[in-house]
Amino acid sequence: MATTLRAVKGMNDILPPDSARWEWLEEQIRSLMRRYGYANVRTPIVEPTALFVRGLGEVTDIVEKEMYSFEDSMNGDRLSLRPENTAGVVRSMIEHNLLRDGGRRLYYIGPMFRHERPQKGRSRQFHQFGVEALGYAGPDVDAELILLLRALWRQLGLVEGSDIRLELNSLGQPDERQAHRAALVDYLTAHAQQLDEDSQRRLHSNPLRILDSKNPAMQALIEAAPKLSDFLGADSLAHFDAVRAVLDAAGLAYRVNPRLVRGLDYYNLTVFEWVTERLGAQGTVCGGGRYDGLIEQLGGKPAPAVGFGLGMERLLLLLEELKIAAPAEAPNVYAVVPAADALPKVFAALETLRAAGVSVLMNAGLSGMKAQFRRADSSGARYALIFGDEELARGEVALKDLRDAAVPQRSLSLDKVADWAAELLNA
Ligand code: ATP
Ligand code: MG
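Residues numbered from 1 in each chain as written. Chains lettered and ligands numbered in written order. Predicted model: local features only at pLDDT ≥ 70, side-chain atom pairs only at ≥ 80, totals over all residues. Heavy atoms only, no water.

### Considering the overall build of the protein chain
Per the secondary structure count, the protein chain includes 16 helices and 16 strands. A compact globule built from 427 residues would reach a C-alpha radius of gyration of about 22 Å, whereas the protein chain, at 28 Å, exceeds it by more than 25%. Along the first, second and third principal axes, the C-alpha atoms of the protein chain reach 95 × 60 × 50 Å. Classification of the 427 residues of the protein chain by burial places 46% in the buried group. (Helix = DSSP H or I, 4+ residues; strand = E, 2+ residues; numbered from the N terminus. Rg over C-alpha atoms; globule rule 2.2 N^0.38 Å. Buried < 20%, exposed > 50% of the residue type's maximum accessible area, 1.4 Å probe, protein only.)

This is the structure in structure tokens:
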């Protein structure tokens, strides 16, 4: 016997009935995007490796250790499965010169790939809903993205504050971060004897990471370290204040978290995360921020931009945790067919019904009448259409109300299917 083949570790099948939850969530997102005026983009899953190295930065977790990269065996090109989609969307906008006449509000839903250790809320193929607003400098768009996410939580039935909450920070501009970093290195060097071994090592490679140390002996030192917020100039502060003013006026509570830096090089000014306490360690459902330098860095005419990426698996896990289910989708009609020779007439009627929008299930060939009625009941269908011999001989079909046994069965004319289709649809 041939060995059985299995999916790649960390890459999951999405199967019924779970796939129905995915479709429902995707529909919720698409309707949200229509209401906010965002257009859909679909860029390739495979991109040149150089795009991500240039876009995300060489010394990021993603580029250093999480990317699926390979050589195209046909021509030797270095390619990668996309680990995120901001770089791809920006590449595409530059390539097609789509930023020439103002801004673009875009969104995508699709798979991303990162070679990480699979665990709850973390897989190697996962899916993101992402938004990129390209060509907009104003804090209004930062606030718009945050508020449209709140609208999504509300639409899904999540309670902001207890189920999911917002963390916010400003990273200022690169020169402001540079000045802060220099002050931090000075400060830490002056207190080098208080640093633990790990932090000694990081002092010159990655001093910001020292601030993440959990070592209790170093907390006082960290607490007193120079803060980035003290290095922000007037423009950066004004931008942050303007974002906060909109959120405050909208009644959205948030926490300003000076430790929130996000993992990628390209962010500046506003950064944010929507986090939940209900998913354990993988509690960041959505992260985003401004990346005004990226378009130029990838070879485009300088233009500001802001976006976010939301982990679909984590959002679905959160909904499951909170017992928020997609509304059940029962068919309108279940067709019960006693004899196979009726099928040509049955199909004629069902095709007309389906063309009119009525959802119809049928399993004529699989089972006898009793089994078909059992399936009709468990399908949740409102009606059974029974294509019995006698009715068919009269050019009719019997309609039975499956949810209300008191309603008498009645006969409908097969010549006028289109006339009663609407009634079945709206019932
Ligand atoms: P984390 O800190 O959890 O690794 P991240 O900062 O790497 O997250 P981003 O690059 O900001 O994540 O991606 C945006 C969102 O995509 C995350 O907030 C998360 O919901 C989701 N996500 C990221 N990596 C994975 C993964 N390996 N599996 C499932 N979801 C993921
Ligand atoms: Mg990560």
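After presenting the structure, the write-up continues.
### Concerning the domain arrangement of the protein chain
Here the protein chain is described as being made up of domain 1 (18-172 + 232-321) and domain 2 (333-425). Once you take the C-alpha centre of each, domain 1 and domain 2 turn out to be 48 Å apart. (Domains from an automatic or database assignment.)

### What about the pairing of strand 9 (residues 268-275)?
Among the 8 residues of strand 9, 8 are classified as buried, and the element is accordingly described as predominantly covered. Relative to strand 9, strand 7 (residues 165-170) runs antiparallel, the two sharing 6 bridges. Within the sheet, the bridge partner assigned to R165 lies in strand 9 and is V275. Bridging between strand 9 and strand 10 (residues 284-290) involves 6 bridges; their strand directions are antiparallel. Each residue of the ladder has a partner; that of V275, found in strand 10, is T284. (Pairing = 2+ DSSP bridges.)

### Considerations on the layout of surface pockets
Quantified by volume, the second largest pocket comes out at close to 250 Å³. What lines the second largest pocket is P17, D18, A20, R21, E23, W24, E27, A326, P327, A328 and E329. The class makeup of the residues in the lining of the second largest pocket is 6 nonpolar, no polar and 5 charged. (1 Å grid on protein atoms, 1.4 Å probe; cavity = no way out; pocket = protein on both sides within 12 Å on 5 of 7 lines; lining within 4 Å. Points joined across faces, edges and corners; volume = space filled by probe spheres on them. Nonpolar A, V, L, I, M, F, W, Y, C, P; charged D, E, K, R; others polar.)

### Points about the sheet that holds strand 11 (residues 305-311)
Reading across the sheet, the 8 strands line up as 1-5-6-11-10-9-7-8 and stay open at both edges, with mixed pairing between neighbours. What marks the edges here is a single partner per strand, and that holds for strand 1 (39-40) and strand 8 (254-256).

### Quick notes on the side chain of N332
Along the chain, N332 turns up in the loop between helix 12 (312-321) and strand 12 (333-336). We classify N332 as buried; its relative accessible area is 16%. Setting aside chain neighbours within four positions, we find N332 in contact with G357, V358, S359, A381, R382, Y383, L424 and L425. (Contact = heavy atoms within 4.5 Å.)

### With respect to the packing of aromatic side chains
Evaluation of the coordinates by the stated rule reveals 5 aromatic pairs. Seen in terms of ring centroids, Y107 and F129 are 6.3 Å apart; in terms of plane orientation they differ by 75°. Their pairing is edge-to-face. Here the residue Y107 occupies a position in strand 5 (residues 104-113), and F129 occupies one in strand 6 (residues 125-134), the gap between them amounting to 22 residues. Note on Y107: relative accessible area 6%, which makes it buried. Seen from their ring centres, F129 and F308 are 5.4 Å apart, and the 85° between their planes marks the pair as edge-to-face. You can see F129 sitting in strand 6 and its partner F308 sitting in strand 11, a full 179 residues away along the chain. Each of the two residues, F129 as well as F308, counts as buried. Taken together, the ring pairs connect Y107, F129 and F308 into an aromatic cluster. (Phe/Tyr/Trp six-rings, centres within 6.5 Å; stacked < 30°, edge-to-face > 60°.)

### Quick word on the site of ligand 1
In the neighbourhood of ligand 1, 14 residues make up the surrounding shell, with R114, E116, R122, S123 and R262 lying closest. Measuring from an oxygen atom of ligand 1, one finds a backbone N or O atom of T284 at 3.0 Å. V285 is positioned such that a nitrogen or oxygen atom in its backbone is 3.0 Å from an oxygen atom of ligand 1. Per-element accounting of the shell around ligand 1 gives the leading share, 3 residues, to strand 10. (Near = heavy atom within 4 Å. Polar contact = N/O pair within 3.5 Å; in protein donor to acceptor, adjacent residues only side chain to side chain.)

### Quick notes on the sheet that holds strand 3 (residues 69-71)
One open sheet accounts for 3 strands, arranged 2-4-3; its pairing is antiparallel. Bordering the open sheet on either side are strand 2 (46-48) and strand 3, each of which pairs with just one other strand. Looking at each pair of strands side by side, their axes are set apart by 35° on average, direction ignored. Packing against the sheet, helix 2 (residues 49-56) makes contact with strand 2, strand 3 and strand 4 (78-81), and its axis sits at approximately 70° to strand 2. (Axes fitted to C-alpha atoms, helices over the stretch in contact; angles between N-to-C directions.)

### Brief notes about the pattern of salt bridges
In the structure shown here, the tally under the stated rule is 22 salt bridges. Ionic pairing is found between K65 and D61, a salt bridge with its closest N-O pair at 3.4 Å. A residue pair is termed a helical-turn pair when its members lie 3 or 4 positions apart in one helix, as K65 and D61 do in helix 3 (residues 61-66) at 4 residues. When its relative accessible area of 55% is taken as the criterion, K65 is described as exposed. With its nearest N and O atoms 2.8 Å apart, the salt bridge here joins R91 to E95. Here R91 pairs with E95, and both are found in helix 4 (residues 86-95), just 4 residues apart, close to one helical turn. Residue E95 is classed as exposed on the basis of its relative accessible area of 53%. Each of R165, E167, R255 and E277 takes part in a single network of salt bridges with overlapping partners. (Salt bridge = Lys/Arg side-chain N within 4 Å of Asp/Glu carboxyl O.)

### Describing a nonpolar patch on the surface
Taken together, the side chains of I45, V46 and F70 define a hydrophobic patch exposed on the protein surface, amounting to about 210 Å² of accessible area. Residue position: F70 is located in strand 3. Judged by relative accessible area, F70 falls into the partly exposed class, the value being 33%. (Patch = residues over 30% accessible without salt bridge, like charges linked within 9 Å, V, L, I, M, F, W, Y side chains within 5 Å. Areas by Shrake-Rupley, 256 points an atom, 1.4 Å probe, with all protein chains shown as cover.)

### Regarding the environment of A384
On the secondary structure map, A384 appears in strand 14 (residues 383-386). For A384, a relative accessible area of 0% puts it in the buried group. Separated by 18 residues in sequence, A384 and L402 place their C-alpha atoms 6.5 Å apart.

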